[in-house]
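Residue-level structural notes
Each chain, written out:
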Amino acid sequence: MVTWVYDFAEGSKEQNDLLGGKGANLAEMTNIGLPVPPGFTISTDACRAYLEEGSAPPGLADEISEHLRSLEDAMGRRLGDPDDPLLVSVRSGAKNSMPGMMDTVLNVGLNDASVEALARQSGDERLATDSYRRLLQMYGSTVLGLEARMFDEAMDELKRSRDVKDDLGLTSDDLRHLVTSYQEVIRSETGKPFPQDPREQLDRAVQAVFDSWNTPRAVLYRRQERIAEDLGTAVNIQAMVFGNLGATSGSGVCFTRDPATGSQGVYGDYLANAQGEDVVAGIRNTVALTDLERLDPTSHAELLAVMERLELHYLDMCDIEFTIERGRLWMLQTRVGKRTPAAAFRIAMDFVDEGLIDMDEALRRVTGHQLAQLMFPGFDPSAERTVVARGMSASPGAAVGKAVFDSDTAVAWAERGEDVILVRKETTPDDLRGMVVARGILTSRGGKTSHAAVVARGMGRSCVCGTESLDVDIAAKQFTIRGGPTVHEGDVISIDGGTGEVFLGKIPVVDSSVVRFFEGDPGDDVLVNAVSRVVEHADDTRRLAVRANADTPDDAARARRYGAAGIGLCRTEHMFLGERRALVEELVVASDVDEQAAALQQLLPLQREDFLGIFEAMDGLPVTIRLIDPPLHEFLPDFTELSVTVALEDERGATSSRHHRLLAALTRLHEQNPMLGLRGVRLGIVIPGLFTMQARAILEAAAEWVAGGGSAFPEIMVPLVASTEEFAIVRAELEKVGREVQEERGVQIPHLVGTMIELPRAAITAGQIAESADFFSFGTNDLTQMTWGFSRDDVEAAFFPTYLDHGIFPVSPFESLDIEGVGSLVRTAAAAGREVNPGLHLGVCGEHGGDPASIHFFDAVGLDYVSCSPFRVPVARLEAARAALMQ
C-alpha cells in the first residue's frame, strides 16, 4: 500500500526526494531534539500523483485525517475548535530550494468563531485579529487566485485613514475592520464567502500548494536553475507558533556564516512582533540579529547554540528560520544555505581548515559555474543604473566603453587609449580585430552560440547578443532603442554579459582578483587563496586533461598561464584574414593549377610564422591544428558590394578588372547551404596543394623550433570527414609532406594525423575511420547542428525560446551537450574507435568542452581531454576533478 503522509519523527535529511528539502530538514531537526513545532509532510509522490490525475490520489485524505488527529492529540487542541483552536501552517517544500516560487498559507483553521477563542486563549485580541486577516489575505491570493493588490490596497487605505506608517500602528478595532474588508473582497470577487470549515481550508490550501508547482514563476525558476520539471513539491503541515504576540515575540532568518562573503560570524535579520512571512516580505525594517541579544538575551543565546549545533550536524553553512513566542524559541526551517560563488569557495576552504571536511568534499561543494562567475568583471552593485534594453547573456562580465560600429574604428580608438564597445547587427570573422580590442560586444542579432558569443567567451569579453529592441544602423554609426533614445558613435554605454542588460552611460566596474591570480598576480586575497587551493587539488584529482582553443601566440600564452596542457583546437582560417585576404583571393580566382600553386606558395611562409609563434608559446605541449574548414567564399568581398563595384566599372568600360574575376569566382562558389557544401576535407581534395601547404607550414615551423632547442608536438586535424576514403586520401598526402620536411630539415618531428568527428556519419562509421586515424576530436558544435538539423546562427533567436517554454529541451543543446542524442553519437564513436585502435587519442574541442555538465559526460565516456577557450580552462580543470569524484 502506498504511503502518502509522514510524521516529522519518521523522516531524515537524506529523504529530500520523498519529503522535499523543508520536510526532510524538519524531520532531521525533530529527531536531533531541537524545538520544532510538531507536524507532518505530504510527500512529493502525492504531488506527482495529483498533477498527473488532476485530483488527490486515493487514500490521501484519510492519511491526512489520521496524521491530523495525531497532531491534535499532541497539541491537546482540535483544528479550528471554537473553544480552543489548533491552527496550522501549510507550506511548500520541493527537493531543491525554490525560495518564494511556491505558496504558503498560515493560520489555517481560523474562522469567525475560532478567532474569538484564539483571543481568549492567547489573551491578545490583536494577535487573533491580525492572524485572521493574514489568513484571509494568503488564502485569497494563494488558494482563490485573487490579485494580491486588492488586499494591499485595502491595507494601504486603512493605514492612510489612521495616519500610521505600518501595520503595527493599527489597533484591534482597525484590524477587525480590515478583516471585514478582506472578507468582502473575497465575497465580491468569487461570489462566495470565505470558507468557515477548517478542514475545507486545509484541503484547499494543500491543493493550492500542489498547483503552485506549475505557476509561471516556478516554471521559469526551474528552467533558470535547471531543476527537473517532474519532481513535484511536498507539503508541510505544522502547528502554528506565533511571533506576533507582542514585544517578547518575533521571527527571524539567520545564517551560520555570511552568505555573501563566507566570513565567519552570525548573520541574519530579526523582526519583533511579527510572523515569519513579514521578515522576507520587507513590510517593516528588520534589525540585525545581534540586536536580539539586547531584546531577548536568553533566546539569543539559545539560538546561537542551535546555529552551532546545526552547522556541525550538517557540516555546512545553514540557513535557518525561527520564531520566538513569548520568549520560547521555535525552529521552523533549516537548509544548506544558498551563497555567492565567492562565499562558496571561502566556506569550503574554511571548513577544511577547521577539520570538518576534506579537500575532496571541498571540491564537491564548489562548481565550475561558480568559478566562471568569479572570473568576469562586474558592475559595482551599489551604483545606480537604468536598463534601456535586454538581449541574450552571451558572455558574462561587465563592460563600459564608447559605442563604435566597425572594427577599424574600434582598433583606432583603442590604440589611442579609448575603451570601446563594438556594436554590430551581427559579427563575422572580419570583426575579429575589433572584438580583440573592444571591452565588450553588443549585437542586435544572434544567440549564445553566434560568432560574437563564441569568440567573446573565448577571449573573456563581455557580450550581449540578440538585442532585438536595437535598430543598428552601421552606415549612420548609431543605434536606436525601440521607443527610446538614439546612441551615436562615441556615446558611452555599459553592458552586462551576465544578465543581457544594456545601460546608457558609465557604470563603475569592479575587476576580478581571480583573473589577476591566473594571470600571474598572486595577490593577498582570502578568495584568491581559496580558489588557488581548490584548483590545485583539482589538478591532483582529475583524470581528464584540459587543453585550450587558441589561434594566436597571445591566446596560447594566456591558455598556458591558465593551466592548459596544450592546444586542442587551433583554427587556421583566422590566419587568412586581414591583409592576407588578397592572397586567398588570388587562390580563388586562379585559372589553373600553376596559379593556385603560386598563391599557396605566397601563403606558406606566413602560415609557418604563425605556427612558429604558437609552438614557442606551447613549448613541450601538444598542439592540435585544424586545417582550413570554412567555405572559401567567406574570405571574399560581399557579393552585393562587389556587384555594385563591377557595375560602376562596366560604365567606365573596365570590363576585365580584378573585381570582375572576383565576382565571377564568387558566383561560381555560391551555394544554397554553404555549411553543407565545399568546406573542410572537401576543400583539401578539390583544391590541390591547399592542405599540403598548411601541413608543410606546420611541420617546417615545428622543425625550426625543435632545431632551436625547443619541443614541438603538432597534431594535424582534418575537418568535416564523413568517410574513411576521404581521410585516407588526405592522410597519404600529409604523410608524404611529413617525410619531405623531415628529410629536408634533418629533424625528426613526432606528429599525429587525426580528424574531427563532427558529422553523424563519421560517428557511426568511426570504427572504420579509426583504422587510419591517430586521434579523434569531437567537434560538438557542428555535430549538434547536424544531428538536430539546426542552423545554429538562426535557431536560438528564431524559436529556441518557444522550445524552452514547451519543455522540448531544458537548455540550448549548443550550450550544454544533448546527452541522449549527440552524446549517444559521441559514446558510439569513442567505443567503436577504441575497439579497432586501442591507442586512439580522444578529445573534444567544441564549445561544450568548457561546459560543466558536459565535462562530466566526457569523463564518463572515457575521453582523454577537453578543450575550451583559455578563460574557461580553470573552469574545466575544476569540473573535470568534480567529475572524477562523482563517478
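The structure under discussion appears in the preceding block.
Summarised in this report is the structure supplied together with it. Just so it is clear, the structure is predicted and the values come from calculations on it, not from any experiment. (Residues numbered from 1 in each chain as written. Predicted model: local features only at pLDDT ≥ 70, side-chain atom pairs only at ≥ 80, totals over all residues. Heavy atoms only, no water.)

Before going further, it helps to examine the overall build of the protein chain. Scanning the protein chain for helices and strands turns up 36 helices and 33 strands. Its C-alpha atoms give the protein chain principal-axis dimensions of roughly 105 × 60 × 55 Å. Burial statistics for the protein chain: of 887 residues in total, 56% are counted as buried. For the protein chain, contacts bridging at least 24 residues in sequence account for 68% of all contacts bridging at least 6. Counting only carbon and sulfur atoms, one obtains 49% of the accessible surface of the protein chain, whose full area is about 36100 Å². Treating the 84 positive side-chain charges of the protein chain as one cloud and the 135 negative ones as another, the clouds have centres 1 Å apart. (Helix = DSSP H or I, 4+ residues; strand = E, 2+ residues; numbered from the N terminus. Buried < 20%, exposed > 50% of the residue type's maximum accessible area, 1.4 Å probe, protein only. Contact = heavy atoms within 4.5 Å. Areas by Shrake-Rupley, 256 points an atom, 1.4 Å probe, with all protein chains shown as cover. Lys, Arg positive; Asp, Glu negative; His and termini not counted. Charge placed at Lys NZ, Arg CZ, Asp CG, Glu CD.)

Considered for burial, the residues of helix H35 (residues 852–860) that qualify are Pro852, Ser854, Ile855, Phe857, Phe858 and Asp859. If you follow the buried residues of H35, they end up packed against helix H15 (368–375), helix H31 (780–788), helix H34 (822–836), strand E32 (841–844), strand E33 (865–868) and helix H36 (873–885).

Packed helices, taken two at a time, are described by the angle between their axes plus the distance between the axes. Axis separation between helix H4 (residues 114–122) and helix H5 (residues 125–143) bottoms out at 7 Å; the angle between their running directions is 145°. Between H4 and H5 lies a crossing whose hand is right-handed. Taking contact as the criterion, the partners of Val115, Leu118, Ala119 and Ser122 in H4 are, on H5, Glu125, Leu127, Ala128, Thr129, Ser131 and Tyr132. (Axes fitted to C-alpha atoms, helices over the stretch in contact; angles between N-to-C directions. Left-handed = near helix turned anticlockwise from the far one by under 90°.)

For the pair helix H22 (residues 581–589) and helix H23 (residues 593–617), the least separation of the axes is 8 Å and the interaxial angle reads 155°. In terms of their interaxial angle, H22 and H23 are classed as roughly antiparallel. Crossing geometry of H22 relative to H23 is assigned as left-handed. Across the interface between the two elements, Leu583, Glu586, Leu587 and Val589 from H22 touch Glu595, Gln596, Ala599, Leu600, Gln602, Leu603 and Leu606 from H23. Here the residues of the contact of H22 with H23 sort into seven nonpolar, two polar and two charged. (Parallel < 35°, antiparallel > 145°, perpendicular 65-115°, else oblique. Nonpolar A, V, L, I, M, F, W, Y, C, P; charged D, E, K, R; others polar.)

A grouping of Ile685, Val686 and Ile729 is seen on the molecular surface, where their side chains present a nonpolar patch of about 250 Å² in accessible area. Positionally, Ile729 belongs in helix H28 (residues 724–745). (Patch = residues over 30% accessible without salt bridge, like charges linked within 9 Å, V, L, I, M, F, W, Y side chains within 5 Å. Salt bridge = Lys/Arg side-chain N within 4 Å of Asp/Glu carboxyl O.)

On to the state of the cysteines. All told, the structure shown has zero disulfides when counted by the stated rule. Cys570 takes part in no disulfide bond, and the closest cysteine sulfur, belonging to Cys845, lies 11 Å away. The buried category is assigned to Cys570, whose relative accessible area is 0%. The thiol of Cys868 is unpaired, and the distance to the nearest cysteine sulfur, on Cys845, comes to 11 Å. (Disulfide = S-S within 2.5 Å.)

Attention now moves to the environment of Ile441. Structurally, Ile441 can be placed in strand E18 (residues 440–443). Classification of Ile441 by relative accessible area gives buried; the value is 0%. Along the chain, Ile441 and Val464 lie 23 residues apart, while their C-alpha atoms are 6.4 Å from each other. Excluding residues within four positions of it along the chain, Ile441 makes contact with Ile421, Leu422, Thr427, Met435, Ala452, Ala456, Arg461, Ser462, Cys463, Val464 and Ile495.

With respect to the helices and strands, the residue Arg679 is situated in the loop between helix H25 (658–669) and helix H26 (681–686). A polar contact is formed between the side chain of Arg679 and the side chain of Asp629, at a distance of 2.8 Å. Dropping the residues within four chain positions of it, Arg679 is found in contact with Asp629, Pro630, Pro631, Pro674, Leu720, Glu758, Asp782 and Met786. (Polar contact = N/O pair within 3.5 Å; in protein donor to acceptor, adjacent residues only side chain to side chain.)

Below, the discussion takes up the pattern of salt bridges. Tallying each qualifying case throughout the model produces 57 salt bridges. Close ionic contact of Glu229 with Arg222 constitutes a salt bridge, the shortest N to O distance being 2.9 Å. With relative accessibility at 0%, the residue Arg222 sits in the buried group. One salt bridge connects Arg257 with Glu311, and the closest N-O pair in it is separated by 2.9 Å. Placement of Arg257 in strand E8 (residues 250–257) and of Glu311 in helix H12 (residues 297–314) is noted, with a sequence separation of 54 residues between them. The exposure classification of Arg257 matches that of Glu311, with both residues buried. One continuous salt-bridge network, built from bridges that share partners, spans Arg608, Arg696, Glu700, Lys736, Glu740, Glu744 and Arg745.

Take the sheet that holds E32 next. A barrel is described by the order of its strands in space; here eight strands give the closed sequence E26-E27-E28-E29-E30-E31-E32-E33, paired in parallel fashion. Here the strands of the sheet are splayed against their neighbours by 25° on average, with no regard to which way each runs. Sheet topology places strand E29 (residues 713–718) next to strand E30 (residues 752–757); four bridges connect them, and they run parallel. For Glu715, the partnering residue across the bridge sits in E30 and is Leu752. Its contacts with the sheet put H34 on E30, strand E31 (775–778) and E32, and the angle it makes with E31 is roughly 175°. (Pairing = 2+ DSSP bridges.)

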